[in-house]
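# Residue-level structure breakdown
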Amino acid sequence: MPIRIALVGNPNCGKTTLFNLLTGSAEYVGNRPGVTVEEKSAPLKSDKNIILTDLPGVYSLSPYTPDELVTRDFLVENRPDVVINVIDALTITRSLSLTLRIAEMGVPVVVAVNMLDAAEKRGNSVDLTALSELLGCRVLRISAADGSGCAEIVTAAVTAAKSDNSPILIRFSEKTETALDKISLILFGQISDKLLRFCALNFLVQDKKNSALVRLNAADKAEIEKIILTFETSVNSDAESFLAAERSKIIAKITSRSVKSAPPTLTASDKIDAVLTNPLFGLPVFAAAAFLAFFVSVTLVGNVGDFLRNSVFGDFLPQCVENALSLLGCADWLKALVCDGIIGGVGSVLSFLPQLAALFFFLEIFEECGYMSRVAFAADRVFRKFGLSGKSFVPVLLGAVCGVPAVMSARTVRGVKDRRLTIMLVTFVPCSAKLPVIVLVADTFFPDTRFAASAAYLVGSAAVVCSGIILKKTKHFGGVTTPFAAELPPFRIPPPKSVILHTLDNLKNFTVKVGTLIFTACTLIWLLSNLGFSCGKISLCPPSESFLALIGGTIAPLFAPLGFGKWQTVVASMTGIAAKENIVGTLGVLLPDNTSLSELLTPAAAFSMLIFNLLCAPCVCAISAAHKELGSLKSTLAAIAFQTLAAYFASFVFYRLCLLFLNGVFDLLTLAAFALLAAFLFLLLRPDPYRKK
Amino acid sequence: MTLSDLSVGETRKIKHISVKDSASRYLLNLGFAQGVSVTLVAECCGSVIVRVNNSRIALDKELVKRILL
């Protein structure tokens, strides 16, 4: 039986550095955008019989954030043999509260005090022997950065696991212990002994997640409620605040005997903070930084992407593969499927990799030097006005490149409602896959102005802001907004190695996601647009007779009020669901030779089509990413429905108003447009019925 | 008084925190608790950056109100 060790600690305490050091992996796990917040396991380099698991950094084990849930569920359900609790020596007081929580779970613990040298430089000191006695478990000094003490901590952990010493028993005050005993008595026999105290504590603070661990009958529930009520009256406070105060007293007692802290002074980092979060300089500095990152990623590096898209994936690779397939004697349809359908589709998404790499790289630098958390803080005031939180800022920025990492990075947004809202809205931001459509419409219909392209970004941003304001006033998203609180890491020069590692890791996640999904989608769309009924059987046919054309033709009348009810444009919009850059390609295939889009549509209709495609349901990749993050089919469908309806509404109103003002057309549909516009303005401007005073 | 009433660099002890929802719980997790010393690092329109137990925490207006000094 292998020994299973779990690493638990606050965010930023050096857990992952230790994990990589001990297992030799280059995995990255952290609370940063775009990276899955999941546990990762690997055997030790020195002993393959020991499995180490790295868990997301958490401050507590209460089930209120996704990372806390991952860590807590792992500890409860998988029950590692021992926990190495990694502590940053500088923030030892706060870290110990997590130590107490782990101990309450009844798992053997050893404590690894990391970065002690940095703390000592600032005049702090930790008496490890005293701490070890007070906590009742081994406490060792380690440095995850240079590896000292790391082998020893593993040995200590293995010893602790083998002895299965029930860890540190921290006793609360008499009143609390009595209440806990009473609850334990009810729970006894319904749950394993080791989890008894943990569960009793959770019941005392009415932790909702507890009901999943123990199913209590009504009588027991009522009994526990009575105990809680008696307890809360006797301490004259709610159980949670009281326990928090008790824990901090216990920790104060422990640290008073083992930790000496230098009096707080403002460091250089603090002084930079005073400038960067200053209302006058903060936002301009940030705007400049974001512009630089964005400019380099989208414009300069974007050219590399265009080269990949047009030359490598558009020309060179399909040619090579086609030749190879011809040599093998494959059928024509198979060649077309592989070359046009799969390489074209997957390749067009992969050609965003350079841009994404650049943007991830910049974001990683901002993050690693400690700037990103300040940006989130500064952006919070602005974003709050339309229902998003400061932490939605990174998703929105990523949204301008690709919806998939944007949706994935929404994980860092605290508060379920804010997170869901962010996921629903980020795909309104025109991603770079929508650029070709923007450019096509702008070049064909408005060649003399740069207005059309900028207008597209304006439409996207307006959609985010307006939808945010409207949805925040609904029952589903309304009510209390999650207040902003975040730890700001100290400023430092970003270590090149970790910046590069994390950038690669983010790219890998993106590629895997895209590679698996879009492959299927591209195949399906290709088949639909190249197969059709002819002479009563299914066979290859020109696109204009395909299933897709059939479907497009059937639903085209739906889009007539928007001005682009031609089957070609409708089918193009539909293939946009596979990948937005398909729209331009599909139009190229479907339009009869020697006709341009301008013969099919009026400028107003073309811009209406652009608006629709900017805002409607995102591509399948983004939808599936959203589905994974939202967690239920219902929410995903609701999100898609909302996006598509918003798109339909915006295009409809835009097109009808254009007809009225440009051509003087006034009919029932114009009236309908005015009615919808009025309804929109009402929803936008009405007072918030769910705002709490 | 609240955190935003401090002047930059000033340190005081927390008298009371009102815990009523998960946001306040998060405050506790971040190291705010009765009797803990906090130092104001920066203040901006009611939001603050403070130093607690050697870590720097940014809080918005809403949360500042819940911590009494």
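To start, this report covers the structure provided alongside it. Please read these numbers as outputs of a predicted model, since none were measured by experiment.

With that settled, consider the overall build of chain A. Across its full length, chain A carries 30 helices and 11 strands. Its C-alpha atoms give chain A a radius of gyration of 29 Å, within 12% of the compact-globule value 26 Å for 693 residues. Considering only C-alpha atoms, chain A reaches an extent of 85 × 65 × 55 Å along its principal axes. The burial tally for chain A puts 54% of its 693 residues in the buried class. Sequence-distant contacts in chain A: of pairs separated by 6 or more residues, those separated by 24 or more amount to 71%. With the model as given, the accessible surface of chain A reaches about 30300 Å², and the carbon-plus-sulfur share is 65%. Between the centroid of the 62 positive side chains of chain A and the centroid of its 54 negative side chains there is a distance of 5 Å.

Residue and element names in this part refer to chain A. Applying the stated rule across the entire model yields 5 cavities of 30 Å³ or more. Here the largest cavity is characterised by a volume of approximately 180 Å³. Taken together, 22 residues line the largest cavity, and the ones lying closest to its centre are C402, G403, C431, A433 and C619. For the lining of the largest cavity, the class distribution of residues is 16 nonpolar, 3 polar and 3 charged.

Moving on to unusual backbone geometry. Residue and element names in this part refer to chain A. Although it is not a glycine, R79 sits at a positive phi angle of roughly 35°. Mapping R79 onto the fold places it in the loop between α2 (66–78) and β4 (82–88). For R79, a relative accessible area of 21% translates into the label partly exposed. For M115, which is not glycine, the phi torsion reads 60° and is therefore positive. Its place among the elements puts M115 in the loop between β5 (109–114) and α4 (116–121). Residue M115 is classed as partly exposed on the basis of its relative accessible area, which comes to 29%.

Read from one edge to the other, the open sheet built from 5 strands follows the order β9(A)-β5(B)-β4(B)-β3(B)-β1(B), with strand pairing classed as antiparallel. If you trace the sheet from one side to the other, it starts and ends with β9 (485–488) of chain A together with β1 (11–13) of chain B, each paired once. Here the average twist between neighbouring strands, direction ignored, is 35°. In this structure, β9 of chain A lies alongside strand β5 (residues 55–59) of chain B, joined through 4 bridges in antiparallel fashion. Bridging across to β5 of chain B, A486 of chain A finds its partner in A58 of chain B. Sitting on the sheet, helix α12 (residues 268–276) of chain A touches β9 of chain A together with β3 (37–44), β4 (47–52) and β5 of chain B, and the angle it makes with β3 of chain B is about 35°.

Let's shift gears to the packing of aromatic side chains. All names here are of chain A. Counted by the stated rule, this structure contains 14 aromatic pairs over all chains. Between F383 and F393, the ring centres sit 6.0 Å apart and the planes meet at 65°, which makes this aromatic pair edge-to-face. With F383 in helix α16 (residues 371–384) and F393 in helix α17 (residues 393–399), this pair connects stretches of sequence that are 10 residues apart. A relative accessible area of 11% places F383 in the buried class. Ring plane angle 40° and centroid distance 5.5 Å describe the contact between F559 and F564, whose orientation is recorded as tilted. Over the ring of F484 we find K391; its NZ or CZ atom is 5.3 Å from the centre of that ring.

Helix geometry: helix α13 (residues 282–328) of chain A is bent most strongly at G302 of chain A, by close to 50°. Looking one or two places after α13 of chain A, you find G329 of chain A, whose phi comes out positive at around 80°.

Residues and elements named next belong to chain A. For the pair helix α20 (residues 435–445) and helix α25 (residues 582–590), the least separation of the axes is 7 Å and the interaxial angle reads 50°. The angle between α20 and α25 falls in the class oblique. Of α25, the residues touching α20 (which contributes P436, V437 and L440) are I583, V584 and L587. Among the residues making up the contact of α20 with α25, the classes are represented as 6 nonpolar, no polar and no charged.

Looking now at the side chain of S635 of chain A. Residues and elements named next belong to chain A. With respect to the helices and strands, the residue S635 is situated in helix α29 (residues 633–663). Judged by its relative accessible area of 16%, S635 is buried. At 2.8 Å, the side chain of S635 forms a polar contact with the side chain of S632. If we skip the residues at most four places from it in the chain, S635 touches R420 and L630.

The next point concerns the state of the cysteines. Counting across every chain of the model gives 0 disulfides over all chains. Note on C619 of chain A: no disulfide assigned, nearest cysteine sulfur contributed by C621 of chain A at a separation of 4.7 Å.

Analysis parameters
Residues numbered from 1 in each chain as written. Chains lettered and ligands numbered in written order. Predicted model: local features only at pLDDT ≥ 70, side-chain atom pairs only at ≥ 80, totals over all residues. Heavy atoms only, no water. Helix = DSSP H or I, 4+ residues; strand = E, 2+ residues; numbered from the N terminus. Rg over C-alpha atoms; globule rule 2.2 N^0.38 Å. Buried < 20%, exposed > 50% of the residue type's maximum accessible area, 1.4 Å probe, protein only. Contact = heavy atoms within 4.5 Å. Areas by Shrake-Rupley, 256 points an atom, 1.4 Å probe, with all protein chains shown as cover. Lys, Arg positive; Asp, Glu negative; His and termini not counted. Charge placed at Lys NZ, Arg CZ, Asp CG, Glu CD. 1 Å grid on protein atoms, 1.4 Å probe; cavity = no way out; pocket = protein on both sides within 12 Å on 5 of 7 lines; lining within 4 Å. Points joined across faces, edges and corners; volume = space filled by probe spheres on them. Nonpolar A, V, L, I, M, F, W, Y, C, P; charged D, E, K, R; others polar. Pairing = 2+ DSSP bridges. Axes fitted to C-alpha atoms, helices over the stretch in contact; angles between N-to-C directions. Phe/Tyr/Trp six-rings, centres within 6.5 Å; stacked < 30°, edge-to-face > 60°. Lys NZ or Arg CZ within 6 Å of the ring centre and 35° of its normal. Bend = angle between axes of the 7 residues up to and from the residue. Parallel < 35°, antiparallel > 145°, perpendicular 65-115°, else oblique. Polar contact = N/O pair within 3.5 Å; in protein donor to acceptor, adjacent residues only side chain to side chain. Disulfide = S-S within 2.5 Å.

By themselves, these figures tell us nothing about what the structure is for.
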